[in-house]
Structure formats: structure tokens, C-alpha cells
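Fold and geometry: a report
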Amino acid sequence: MNTRSLTSFLLLLTLAAFLLSLMAGKVWIWPTSWAADNADGWIFLELRLPRALLGLCIGAVLGLSGAVLQGYLRNPLADPTVLGVSASAALGGVGAIYLGLNLLPFGLFACAMLGAGSSILLLLVISRNGGPIGFILGGMVLSTLAGALTAFVISIAPNPFAASEIINWLMGALTDRLMADVATALPFMALGVALLFSTGRALDALTLGENGARSLGINLVRLQWIIVLGVGLAVGASVAVSGVVGFVGLIIPHLIRAIYGEQPSQILLPSALGGAILTLVADSLLRLLPGPSEVRLGIAMAVLGAPFFLLLLLRYRRGNV
Amino acid sequence: MTLTVRNLGFSYGQTCILDAIDVTFEAGKFTVILGPNGAGKSTLLACLAGLLEPQIGNASLNGADIIRMAPTTRARHIGLLPQGAETHWAIPSEALVALGRIPHMRGAGPSADDREAIKAAMSATATEGFANRPVTRLSGGERARVLLARVLAGELDWILADEPLANLDPGFQLDILALLQRQTEAGKGVVAVLHDLQYAVRFADHILLLHEGSLFAQGSVEDVITPANLAHVYGIDANLFKDEEGTIQLSIKGKVRL
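Predicted model only: the values in this text are computed from it and were never measured.

With numbering aligned to this structure, UniProt lists the feature "domain: ABC transporter" (unreviewed entry) at residues 3-237 of chain B. A helix fraction of 34% and a strand fraction of 26% characterise residues 3-237 of chain B, whose end C-alpha atoms lie 34 Å from each other.

Here you go:
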């Protein structure tokens, strides 16, 4: 199969996953009742539609961010979760809730995006010339630090209600989001995604190393800022609206590379589609699991992602990533 | 088409790497930069490639300061084969060669010109045979040729090569040198940092001998590769002679006895 038909196939799969997410749940809602003026219609409009849209968007954002970060750092282990970008966005969000900034328009979003963007800058400062493992260690440090500070903010939260609100948001889920939340997040994500898609050619050039890329006329300083801004906006907005959903950006580019080959620019769009498919399907399956309450998406992805990361790390040690 | 370096000085902090370098490079000539480790060879090449900004003086292309040129414009005239043969992803050889077209690309995909240049570069380096093989699965000699094809695909006026022979067997080293020499015959300027004096005397039209950041000598092989210069710069006892076929050879007897 050539690349174009593969991508068409992925697009169809994305559409199928989106439709599944619209229908699946404790109550199945078939397309015939989507416009109905009854309980099914309301569930569709108020619950399912925003949830499916969010799944689509944050999945695409995370898959794409993973692919871009891996290409930029020339490191197959990079991903917003592993590098501590998600945790830093969460810290920004928690800080916003604690200070009451979330009551201002875009307050939560601005703080989460600031957290995400500054974490990449910090990472570049502390891990420069550290090699592939250097970035992972730097990310671990950031992730741990952001986690500890988040826990600290929760522990000094003014009342139990605030603490539980923060924890609830942090754990990562697509449930109970309003169309208004989706509408707020969408422009930021779209801008971030557009920035990230513009990096393809520069990421390809980096295959030749930094000097090779620069000799081809690539401005690496500009590229760095595009990535900081793009990942900051996209991942920051997705964390602000749905908490930390991890490892999508780690798992998806690997699967995509196995199909599409390793050229960084070629895996950007497929990784975005793959991320959306994984997130939508996982979220739909969680709804179908029997039990009194749903397993949260963030928790499910961590359970799936951590062993995958371990597997990659073991392969990496043997030198065949 | 002139590449010139005027009174160029470069230092990292307090450490002076290059001092008062003046050179005019000629198109159609194979210029070899020689000098012991730490003499400043790679730094000089990086200044020519627009990767480093000298604190004093400048490197210029047709009168325009290279570091001030728009990066894409510069990249259409001057190409660099960096040290170390870095390749990070297992992309097919042909895709790697296509990277050389990046400075010329406008739209989304490669144009007819791009495709033609890629084909010509791969045919010149005899790399078409493994166009679809990932670069990570090539032998050292094959990979060196693919990386050189990447530079050639850029259809540049100047090719800068930083130790292009490192880690290659003699046969492959001669392949690369012959390819670079063919570029000079086509009227392009080639500037290469080499470590091997034997190859330098065989292939160079012009030699720059760097010593502790200064241009110790420059000129033709016979002018620069003299026993006195080699003794002073490398501390070796060596001399040039012509073999039966009239080829210039270098014989290195050993370290200079003090």
C-alpha cells in the first residue's frame, strides 16, 4: 500500500473511532436519535458530542506532539509525558486553581500553556548535549519536581472541596466537559497544531545532525521557538481541558514509524490521526467496562503506556530502537 | 564566484582558536586544510559554512558576508559535509539524498528539477543500487557516498567537507576523493579538512597549513609540504619525492629527533 492510501485508511479509521465514541456507553445512542428531542438526544448533545470532540482533539494533539518532539530531539523515547511537559502543564493548572486564576477567562488555559512551554525551555537548558538519555533524565527530573509541587499545592489547598476538585481534574478524563470547554480549547490547539505541522522539513533536515541542518539553511533557533510555542499551546490546552492523559505521544509515533518508515515529516499527520484513534477507542472501551464507576482515561493510558515505555527502554539498551 | 576570508579571528571566551587568517579560495580548485589536532581546521570550515560567527574579520561569498546572508540563500551556494557522518533515522538512502534539495524547495513536494538533481547525484556517486535501503543498513563506504550525494544534490558552487575520510577503508577514501576531485573539474570549489598528508599531496591544488590558530603556510603542494614546515608544525621528519610514474609521494620517516 502506498502512503496516500494508508493515510486515507487512517482517516477512515479516525472517523469510525469518532462515530464509535459518539454512540458507545452505558446507553448506546444510534444516529437516528442524535437529533431527537428526548433523553437520548440530550445525552448526545450535552455529553457524547463534547466528549468525542475532545477525544479527537487531545488524541491528535498528543500524537502529533510526540512525533514532533521525537523528531526534534532525535530521540524515540521523547513524549510530552516522559519529558514532564504534561506534568508541568498540570502544575500550571493547579497553581491557577489554587490562586483562583481559573475564574478569570482563559486563566486556567494560560497557566497550563505557560507551564508546558516553559518546561520544554527548561529541559533544553538542562539537557543540552546530554545525548538521548540526557533528555529522558531531564524530563524525569522535571516530571518529579512538577509532581511534588502539584502535591504541595494540593496539600495547602484552602478546603477539602478545592483539593478534590483539583485531584479530579488532574487524573485525566474526558467526562463531563461542556461544549464551552471544547470551544475554549479548540483555537489554542488548532494554532499549536498548525505550528507543529510547519516543522516537517526542518525535522527532516535534523536527520543530518544540527550542523547538517544548519548548513541546509534551517534556522534552529526559530525551530526551537516554534516547537516550544506549538507544544505549549497544544499540550497546555489539552491538559487544561482534560488533565493528564499520558503516553499517547510515545506509543503512537512508534507504531506509525513501523508502517510509514522513519522520515520525521512523513509521520506527523499519521501520528495525529493515530493519537486520535487510540484516545477515542480507549475512551469508548472504558465506558463499556462493567462496574459502578468508570476507569479514568488518564489512569488507563498510564497502565498501557508504562510497560510500553519499559519495552522501548529495553530495546534501546540493546541498541535497536 | 569567490570565497574569501579576510583577517578572520575566532575565539571561545579567552581561548583564541583562529587568528588573522587571510585566504582567497578559488573555484575549480581542490583546497585542503591541514594542521595538527586543535589547529583550528574545523573552526575555519564552520566560519566558511556560516555556522560560526568570527569575532574579527569575516568570510565572504562574492563580496557578501556569509554570516549575514539569509540562511537559505547561503545554503543554495555553499554546502557542508559535516564531520561524523551523522544520520539519525532509518530513512531510505534516496530520501536522505533528497534532503540536499531543502534549500531549493518551495512547495510541498519535490519539483522536476529536484528529482533530476537527486538522480544525477545518486548516479555520480553510484548509489542508485541501494536507493530504497535504509541508511542505517549501509556499510561505512556506502553511507559516506550517500552523504556526499546529499551534498551534491544541492547543486552548489562550494562544497566544504570536514574530515570526509574518517573511518573509511583506503578504497572508499579514494572513491570519495575522486568524487570531490570530479566536482572541481566541473568548476566547483572544494574545501576539505584532511588528516592524511599522503592524500593531501596527491589530490590538493592548494594547501592551507594551520598551526596553533594561524595560517602557517599556504600555496601549492611543493610550496607548503616542505621538510621544514612539516617538522615545525607536526614534529615529523618527512620529505616529498616523485615516484617512477612521476606522482608526488610523501615519505614519513618518523618523529623529528630533538
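Okay, back to it.
As a further point, take the interface of chain A and chain B. Contacts between the two partners involve 18 residues from chain A, matched on the other side by 20 residues from chain B. No other element matches the 5 residues that helix H9 (residues 209-215) of chain A contributes to the side of chain A that touches chain B. Its residues assigned to classes, the side of chain A that touches chain B shows 4 nonpolar, 9 polar and 5 charged.

This next bit is on unusual backbone geometry. Even without being glycine, arginine 74 of chain A reaches a positive phi, approximately 50°. Structurally, the position occupied by arginine 74 of chain A is in the loop between helix H2 (39-73) and helix H3 (85-99). Taking the C-beta count within 10 Å as the criterion, arginine 74 of chain A has 19 such neighbours and is therefore assigned partly exposed. The phi dihedral of alanine 20 of chain B is positive, around 50°, even though this residue is not glycine.

The UniProt record annotates "transmembrane region" (unreviewed entry) at residues 48-69, 81-100, 106-126, 133-158, 178-197 and 295-314 of chain A. As a span, residues 106-126 of chain A carries 95% helix and 0% strand, and end to end its C-alpha atoms are 30 Å apart.

Residue and element names in this part refer to chain B. Spatial ordering of the open sheet is given by E2-E1-E4-E5, a layout of 4 strands whose pairing is antiparallel. Where the open sheet ends on each side, the last strands, each with one partner, are strand E2 (15-25) and strand E5 (64-65). In this structure, strand E4 (residues 56-61) lies alongside E5, joined through 2 bridges in antiparallel fashion. Bridge pairing in E5 places serine 60 opposite aspartate 65.

Residue and element names in this part refer to chain B. In space, the 6 strands of this open sheet follow the order E6-E7-E8-E3-E9-E10, with mixed pairing throughout. At either end of the open sheet lies a strand with only one pairing partner, and these are strand E6 (78-81) and strand E10 (214-219). Each strand axis lies, on average, 15° off the axis of its neighbour in the sheet, ignoring direction. Bridge analysis of strand E3 (residues 30-34) against strand E9 (residues 206-211) gives 4 bridges, and the strand direction is parallel. Residue pairing in the sheet places isoleucine 33 in a bridge with leucine 208 of E9. Taken strand by strand, helix H1 (residues 41-48) contacts E3, strand E7 (158-162), strand E8 (189-193) and E9, and its axis lies near 150° from that of E8.

Criteria and cut-off values
Residues numbered from 1 in each chain as written. Chains lettered and ligands numbered in written order. Predicted model: local features only at pLDDT ≥ 70, side-chain atom pairs only at ≥ 80, totals over all residues. UniProt positions renumbered as here; feature names shortened; annotations may be inferred. Helix = DSSP H or I, 4+ residues; strand = E, 2+ residues; numbered from the N terminus. Contact = placed C-beta atoms within 7 Å. Nonpolar A, V, L, I, M, F, W, Y, C, P; charged D, E, K, R; others polar. Buried ≥ 20, exposed ≤ 12 C-beta atoms within 10 Å, placed from the backbone. Pairing = 2+ DSSP bridges. Axes fitted to C-alpha atoms, helices over the stretch in contact; angles between N-to-C directions.

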